[in-house]
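Secondary and tertiary structure notes
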Amino acid sequence: MTQTKSYTMAIVLITSLFFFWGFIHNLDPILIPHLRNAFSLTTLQASLVDSAVFIAYFLLAIPAGMIMKKYGYKAGILIGLLIFAIGCFLFVPAANTISYPFFLAALFIVACGLTILETAANPYMTVLGDPKKATQRLNFAQSFNGLAAFIAPIIGGKYILTEEPLSADQIADLSEQARTAYIQAETAAVKAPYVILGVIILLVAVLFYFTRLPDIKDKDEKPQGGFFHAWKHKNVKWAVIAQFFYVGAQVCVLSFLVLYATDIAGISNKDAGWYAGAAGFAFMIGRFIGTFFMQYIKPSKLLLIYALIASALTIYVMFGSGVNTLYALIGIAFFMSIMFPTIFATGVEGIGSDTKSASSLIVMAIVGGAIIPPILGLIADKTGNLQFGYAIVLLCFIVVAIFAINTKNIAVEKTETLH
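Criteria and thresholds
Residues numbered from 1 in each chain as written. Predicted model: local features only at pLDDT ≥ 70, side-chain atom pairs only at ≥ 80, totals over all residues. Heavy atoms only, no water. Helix = DSSP H or I, 4+ residues; strand = E, 2+ residues; numbered from the N terminus. Buried < 20%, exposed > 50% of the residue type's maximum accessible area, 1.4 Å probe, protein only. Contact = heavy atoms within 4.5 Å. Areas by Shrake-Rupley, 256 points an atom, 1.4 Å probe, with all protein chains shown as cover. Phe/Tyr/Trp six-rings, centres within 6.5 Å; stacked < 30°, edge-to-face > 60°. 1 Å grid on protein atoms, 1.4 Å probe; cavity = no way out; pocket = protein on both sides within 12 Å on 5 of 7 lines; lining within 4 Å. Points joined across faces, edges and corners; volume = space filled by probe spheres on them. Nonpolar A, V, L, I, M, F, W, Y, C, P; charged D, E, K, R; others polar. Core = buried A, V, L, I, M, F, W, Y, C linked by side-chain atoms within 4.5 Å. Patch = residues over 30% accessible without salt bridge, like charges linked within 9 Å, V, L, I, M, F, W, Y side chains within 5 Å. Salt bridge = Lys/Arg side-chain N within 4 Å of Asp/Glu carboxyl O. Axes fitted to C-alpha atoms, helices over the stretch in contact; angles between N-to-C directions. Parallel < 35°, antiparallel > 145°, perpendicular 65-115°, else oblique. Left-handed = near helix turned anticlockwise from the far one by under 90°. Expected span 1.5 Å × (residues − 1). Arc of directions from axis to C-beta.

1. Focus: the overall build of the protein
- A tally of helices and strands in the protein yields 20 helices and zero strands.
- Scored against the burial criterion, the 419 residues of the protein give a buried share of 57%.
- Summarising the internal contacts of the protein: among those between residues at least 6 apart in sequence, 85% fall at separations of at least 24.
- Just so you have it, the protein exposes about 17,100 Å², and 67% of that area is on carbon and sulfur atoms.

Structural data, given as structure tokens:
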């Protein structure tokens, strides 16, 4: 009974982390058009917001795994929360200095904290309870990431986006003093949301510090080899590849949705935030429904179905027209909802003492969110059509579908080995 209670409290606290990093990530779709307008950026330059965030996952994932292996999950979570908060507070000097590179640096620091949090929280959630329900448990926790995806764009749209922003040409026509004042006003709008979030994160860190969490260890298995020993597992290799492409697709779909709404669907800048919120809502509902379906459908089979539907919707986003293409993007958000946690849980399934190392490797693959969006931005800039950029998103979902098929083959191989 005591162990059950300790697991319940731990699951509640860890689940809150999924909400917080989901919230900060889903302010990016608001931040991208806002900074693009304020600094008169190209689509490719604006996409560097995502690159600044997701390159941190590649650089920090292995150090994060080493921290956990040496000091445990709780230490990793506390360090991640502190760095997360520091990055939020750096938005104040970034706004005051009117510097786009400073904003990118602040986002990078935030992402360093998120990397450590995700490297700790994802595997921790899979081992807190019945191993057979690890994928369902992680999908449920990730559903609160989806809740944040619904709330963040609405709040960000209300407090960050300008009702009628000036165009790049209008900004260029302003006097030097007027241009500086305009950019200063635009960048200052981001300070309050990030400072408030930073304070909340510090309070959460204090709560974690004074809460006793179960430190689960692999008692029955001795560590084998070095840190990269986890790479020998086929499911880890495939999960790293699939996660790279999936995260790239997710970032493209959610981060460019506001730009797509205004440039392709003809939605006003302010109303576009509501559509981004609708995509977040679809993302959240998709995870709750997906978690429910997993009681009756194998996760790998459900993943394949969702990946194929997402691929079909992406084709419509590329070649359709009007507001219906925007609804298709919202539909994609629903069907990609289960992909991250299902890929992750499959990747760390049944690998014992290699779990923490595998977690780092799979989290490193989140660097796809830094590499894929600029490709979309580059295609859009070169062709002059944002829709054509979604060809890279289609490729990503095809890779996820291939992963789902290979997951079945890996499961069969493991079963045959056991027998």
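2. Observations concerning the packing of aromatic side chains
- If you walk through the whole model with that rule in mind, you get 20 aromatic pairs.
- Residues Phe19 and Phe20 carry aromatic rings whose centres are separated by 5.7 Å and whose planes lie at 80 degrees to one another, so their mutual orientation is edge-to-face.
- For the ring pair Tyr275 and Tyr327, a centre distance of 6.4 Å and an interplane angle of 35 degrees mean the geometry is tilted. In this pair, Tyr275 is assigned in helix H14 (residues 269-293) and Tyr327 in helix H16 (residues 323-335), connecting sequence segments 52 residues apart.
- What makes Tyr327 partly exposed here is its relative accessible area of 44%.
- Ring-pair connections join several aromatic residues into one group, and the members of that group are Phe19, Phe20 and Phe23.

3. Details of empty space enclosed by the protein
- As enumerated under the stated definition, the model contains four cavities of 30 Å³ or more in all.
- In terms of lining, the largest cavity is formed by 20 residues, of which the most central are His25, Phe54, Glu118, Asn145 and Gln250.
- Secondary structure elements with two or more residues in the lining of the largest cavity: helix H1 (2-25), helix H2 (28-38), helix H4 (48-71), helix H8 (134-159) and helix H12 (234-255).
- No other element matches H12, which puts six residues into the lining of the largest cavity.
- Classifying every residue of the lining of the largest cavity by side-chain character gives nine nonpolar, seven polar and four charged.

4. Some words on the environment of Ala149
- On the secondary structure map, Ala149 appears in helix H8.
- Take Ala149: its relative accessible area is 1%, and that puts it in the buried class.
- Separated by 129 residues in sequence, Ala149 and Ala278 place their C-alpha atoms 8.9 Å apart.

5. A word on unusual backbone geometry
- Backbone geometry places Ile98, a non-glycine residue, at a positive phi of 50 degrees.
- By the element assignment, Ile98 lies in the loop between helix H6 (91-96) and helix H7 (100-127).
- Residue classification places Ile98 among the partly exposed residues on the basis of a relative accessible area of 22%.

6. What to know about the nonpolar core
- If you look at the biggest cluster of nonpolar residues, it comprises 142 residues, and the most contacted ones within it are Leu17, Phe84, Phe208, Met336, Met339 and Tyr390.
- Counting residues per element, this core draws most heavily on H7, which supplies 14 residues.
- Residue contacts for Leu17: discarding those within four places in its chain leaves Ile77, Leu81, Leu117, Ala121, Val204 and Phe208.

7. Side note on the environment of Ile11
- Looking at the secondary structure, you find Ile11 in helix H1.
- Looking at Ile11, the relative accessible area reads 23%, which means it is partly exposed.
- Along the chain, Ile11 and Ala121 lie 110 residues apart, while their C-alpha atoms are 9.6 Å from each other.
- Sequence-distant contacts of Ile11, that is, excluding residues within four places in its chain, are made with Met125, Leu128 and Arg137.

8. With respect to a nonpolar patch on the surface
- Side chains of Ile55, Phe58 and Leu59 sit close together on the surface and give an oily, nonpolar patch of about 250 Å² of accessible area.
- With respect to the helices and strands, the residue Phe58 is situated in helix H4.
- Here Phe58 falls in the partly exposed class, since its relative accessible area comes to 40%.

9. Digging into the packing of helix H5 (residues 73-89) against H7
- Relative to each other, H5 and H7 sit at 155 degrees, their axes nearing to 7 Å. Relative to H7, the element H5 is oriented roughly antiparallel. Regarding H5 and H7, the two cross each other, and that crossing is left-handed. Counting all contacts with H5, which are made through Tyr73, Gly76, Ile77, Ile79, Gly80, Leu81, Ile83, Phe84, Ile86, Gly87 and Cys88, the residues of H7 involved are Ala106, Ile109, Val110, Cys112, Gly113, Leu114, Ile116, Leu117, Ala120, Pro123, Tyr124 and Val127.
- When the residues that make up the contact of H5 with H7 are grouped by side-chain class, the tally is 19 nonpolar, four polar and no charged.

10. Brief notes about helix H11 (residues 191-209)
- In this model H11 runs 27 Å from its N-terminal to its C-terminal C-alpha over 19 residues, within 8% of the 27 Å that 1.5 Å per residue would give.
- Here H11 has its buried residues at Pro193, Tyr194, Leu197, Gly198, Ile201, Val204, Ala205 and Phe208. Relative to the axis of H11, the buried residues are bounded by an arc of 130 degrees and lie together on one face. H11 presents Ile196 and Leu203 as exposed residues on the side facing more than 90 degrees away from its buried surface.

11. Quick look at H5
- With 17 residues, H5 ought to run about 24 Å at 1.5 Å a step, and its terminal C-alpha atoms sit 25 Å apart, in line with that.
- For H5, every residue scored as buried is listed here: Tyr73, Gly76, Ile77, Leu78, Gly80, Leu81, Phe84, Ala85, Gly87 and Cys88.

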